[in-house]
Amino acid sequence: MEKEQHRGFKASWFFKWFINNKVVAALAIVLLLLLNILLLNKVGFIFKPVGEFITVISLPVILAAVFY
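Residues numbered from 1 in each chain as written. Predicted model: local features only at pLDDT ≥ 70, side-chain atom pairs only at ≥ 80, totals over all residues. Heavy atoms only, no water.

## Brief notes about the overall build of the protein
In terms of regular secondary structure, the protein is built from four helices and zero strands. Going from N to C terminus, the protein has its helices and strands arranged as α-α-α-α. (Helix = DSSP H or I, 4+ residues; strand = E, 2+ residues; numbered from the N terminus.)

Here is the structure:
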């Protein structure tokens, strides 16, 4: 079935060894996840006021829902 998908496509060495390799794909996914974590650590100060706002507002909202 794979051969039918690539009919007319001459697979290069790059496709055979890197793109079609599950280990390389898994490593690429891990690398992208780690890159996202690094990026979020670098810009985390942007989200700090949002977190403080949510913690201040959450208690009155929860109490209002309980009393309703």
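## Points about the UniProt feature "transmembrane region" (unreviewed entry) in the protein
According to UniProt, the "transmembrane region" (unreviewed entry) feature falls on residues 21-40 and 46-67. Taken end to end, residues 46-67 has its terminal C-alpha atoms 34 Å apart, with 100% of it in helix and 0% in strand. (UniProt positions renumbered as here; feature names shortened; annotations may be inferred.)

## Some points on a nonpolar patch on the surface
Judged by side-chain polarity, V50, F53, I54, V56, I57 and V61 come together as a nonpolar surface patch covering roughly 570 Å² of accessible area. Summarising the element assignment, V50 is placed in helix α4 (residues 44-67). The exposure class assigned to V50 is partly exposed, which follows from its relative accessible area of 45%. (Patch = residues over 30% accessible without salt bridge, like charges linked within 9 Å, V, L, I, M, F, W, Y side chains within 5 Å. Areas by Shrake-Rupley, 256 points an atom, 1.4 Å probe, with all protein chains shown as cover. Salt bridge = Lys/Arg side-chain N within 4 Å of Asp/Glu carboxyl O. Buried < 20%, exposed > 50% of the residue type's maximum accessible area, 1.4 Å probe, protein only.)

## Focus: α4
A rise of 1.5 Å per residue sets the reference length of α4, with its 24 residues, at 34 Å; its end C-alpha atoms lie 35 Å apart and thus fit the reference within 8%. Burial analysis of α4 places just zero of its 24 residues in the buried class, which makes it a mostly uncovered element. (Expected span 1.5 Å × (residues − 1).)

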